[in-house]
Amino acid sequence: MKQILALNAFDMNAVAAHGGALAAQLQRRASVFGAGSVLFYQRPLQFVRGRGTWLYDADGTPYLDAYNNVPSVGHCHPQVVEAAARQLSELNIHNRYLHAGIIDYAERLLGTLPSPLSNITFTCTGSESNDLALRLASKFTGGQGVIVTEAAYHGNTELVSQVSPSSHRHWNAAAHVRVVAAPLSHPEVFAAHVTAAIDDLVAHGVKLSALLIDSIFSSDGVCAEPIGFLSAAIDAVHRNEGLFIADEVQPGFGRTGAGWWGFARHDVQPDIVTMGKPMGNGYPIGAVVTRPEILKSYCEEVGYFNTFGGSPVAAAVGQAVLDVIEREDLIGNAQRVGNSLREGLINLAQRHPTLGQVRGAGLYLGVTIRSSAAGESAARATEAIINGLRERRVLIGAAGRYGDTLKLRPPLCFSSEDAAVLLNALDEVLTGLGSE
Ligand SMILES: Cc1ncc(COP(=O)(O)O)c(C=O)c1O
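Because the structure is predicted, anything quoted here is derived from the model rather than measured.

Got a minute to help me understand the site of the ligand in this structure?
Around the ligand, a shell composed of Thr125, Gly126, Ser127, Asn130, Tyr153, His154, Gly155, Asp214, Asp247, Val249, Gln250 and Lys277 is seen. In the model, an oxygen atom of the ligand is placed 2.5 Å from a nitrogen or oxygen of the Ser127 side chain. Here Lys277 contributes a side-chain N or O atom positioned 2.7 Å from an oxygen atom of the ligand. Broken down by element, the shell around the ligand gets its largest block of residues, three residues, from helix H4 (residues 126–141).

Given below as structure tokens:
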């Protein structure tokens, strides 16, 4: 398994290969961050400004961002920036005081979700959201067992790391965790895998708590089809008194181009929904949404308070993000541009045998990279393509258990012109790699 932080990572041993100012910056950074320093690219990038789908370096050189899902309505969107600045200059306190803005935002967000999910708890990150979700599920079900996919990433707390196989260089599942194959090539057997995992937990005396799924399977390598394939797995979980936690940190807020939520595209009902990243367009906002009885059972014993979660500033930013998604029809844009980008990739794949399957929905696409040998060499080809695109000033990422999938996940305001820039650059890179 390729560890998630190893994907497209700069090799610190290569500092000496860079001269001048870049080498000096790399050294300074390494000396303060030590072993914890992770950077993208063989030639790391330094940006000073962002706007829409573009990032700019100090010389004003633009780079097309087809990677970043956090600024999902566009880098530094003026309406979001204005909302944050206005609220920051007016009032910024925690949410144990009444504030109409927070209630308005909570009601509006809940309005996008199925009605049984009527209670919301604000956090600041996806990790905090999943950490709380796991604790809610465990308290409500009285179980501990959690099922996740084999290259899942759900966050960085102790509890969440235990259900994030791709966080670990050497993964050893804890006794309460079962991993199932991601539904990449055979989604039809996903439910059978989940059922087998439930049976195995039971056989080991572990009661099921939850199936925790990112419905676009981002770190597993992106899997979105066929629509509806999740249903049977979730039915099995419910039959065994477990909960389904939908991690919407990646697919949520319109990215799949099919409504607000990734799970809804599959027409399934989660018991708990977790959110983060795109929710605040770069401002740290997260949330956990669930049914009242699930939250109540947890709060009877522990309760939850998050100092920065759900502040008036977070609510103002969150509202502005929802406004922009609606006003600019970004969900429709994700569908339209996503579909044409996907077609463009399929066309490229017909000419370049290095490109394999094109998977995904809306503006979340994964393209597997083929190589004659399995595993590492496909990962190396993937890195070569990503670095080749970087040299052509286009940013994308990698995903998948073996790091052999190109990950395309731009801000939702990505235009058809942006898609054409990306496709041309990819065509050039593949031609340069001699894939014909
Ligand atoms: C599916 C998924 N869930 C949760 C998280 C954790 O979110 P955060 O980094 O905001 O804690 C991530 C982060 O990459 C993610 O991809």
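It is not clear to me how unusual backbone geometry should be interpreted in this structure. Could you clarify?
Glycine aside, negative phi is the norm for most residues, and most peptide bonds take the trans geometry. In this chain, Glu225 is followed by Pro226 through a cis amide linkage whose omega measures 0°. Positive phi, close to 60°, is recorded for Phe253, a residue that is not glycine. Among the secondary structure elements, Phe253 is positioned in the loop between strand S8 (243–247) and helix H8 (262–265). Although it is not a glycine, Asp329 adopts a positive phi angle of roughly 45°. Structurally, Asp329 is set in the loop between helix H10 (312–327) and helix H11 (330–351).

Help me understand the sheet that holds strand S1 (residues 47–51), please; the structure alone is not making it clear to me.
Consider a sheet: its strands pair through backbone hydrogen bonds, and that pairing is either parallel or antiparallel. With mixed pairing, the four strands of this open sheet are ordered in space as S1-S2-S3-S13. Strand pairing shows two members of the sheet lacking a second neighbour, S1 and strand S13 (394–395), which therefore form its edges. Note that strand S2 (residues 54–57) and strand S3 (residues 62–65) share three bridges and pair antiparallel. Note that in S3 the partner of Leu55 across the bridge is Tyr63.

Got a minute to help me understand the environment of Leu117 in this structure?
Mapping Leu117 onto the fold places it in the loop between helix H3 (100–110) and strand S4 (119–123). Sequence spacing of Leu117 and Asp199 is 82 residues, and the spatial spacing of their C-alpha atoms is 28 Å. Sequence-distant contacts of Leu117, defined by excluding residues within four places in its chain, comprise Leu110, Pro270, Asp271, Ile272, Val273, Val289, Thr290 and Arg291.

Even after reading the chapter, I still don't get the packing of H3 against H10, so can you show me in this structure?
In a packed pair of helices, the relevant descriptors are the angle between the two axes and the axis-to-axis distance. The N-to-C vectors of H3 and H10 enclose an angle of 40°; their axes lie 8 Å apart at closest approach. Here H3 lies oblique to H10, going by the angle between them. Handedness of the crossing formed by H3 with H10: left-handed. Here H3 contributes Gly101, Ile102, Asp104, Tyr105, Arg108 and Leu109 to the contact with H10, which in turn contributes Pro312, Ala315, Gly318, Gln319, Leu322, Asp323 and Glu326.

Explain the packing of aromatic side chains here, please?
Note on aromatic pairs: each is described by the distance of the centres and the angle between the planes. All chains considered together, the criterion is met by eight aromatic pairs. Relative to Phe229, the ring of Phe190 has its centre 6.0 Å away and its plane inclined at 80°; by these criteria the two rings are edge-to-face. Here the residue Phe190 occupies a position in helix H6 (residues 190–203), and Phe229 occupies one in the loop between strand S7 (208–214) and helix H7 (231–239), the gap between them amounting to 39 residues. Accessibility assignment for this pair places Phe190 and Phe229 in one class, buried. Taken together, the ring pairs connect Phe40, Tyr41 and Tyr67 into an aromatic cluster. Across the ring face of Tyr67, the terminal group of Arg409 is positioned such that the distance to the ring centre comes to 4.5 Å.

Reading the values: rules and limits
- Residues numbered from 1 in each chain as written.
- Predicted model: local features only at pLDDT ≥ 70, side-chain atom pairs only at ≥ 80, totals over all residues.
- Heavy atoms only, no water.
- Near = heavy atom within 4 Å.
- Polar contact = N/O pair within 3.5 Å; in protein donor to acceptor, adjacent residues only side chain to side chain.
- Helix = DSSP H or I, 4+ residues; strand = E, 2+ residues; numbered from the N terminus.
- Pairing = 2+ DSSP bridges.
- Contact = heavy atoms within 4.5 Å.
- Axes fitted to C-alpha atoms, helices over the stretch in contact; angles between N-to-C directions.
- Parallel < 35°, antiparallel > 145°, perpendicular 65-115°, else oblique.
- Left-handed = near helix turned anticlockwise from the far one by under 90°.
- Phe/Tyr/Trp six-rings, centres within 6.5 Å; stacked < 30°, edge-to-face > 60°.
- Buried < 20%, exposed > 50% of the residue type's maximum accessible area, 1.4 Å probe, protein only.
- Lys NZ or Arg CZ within 6 Å of the ring centre and 35° of its normal.

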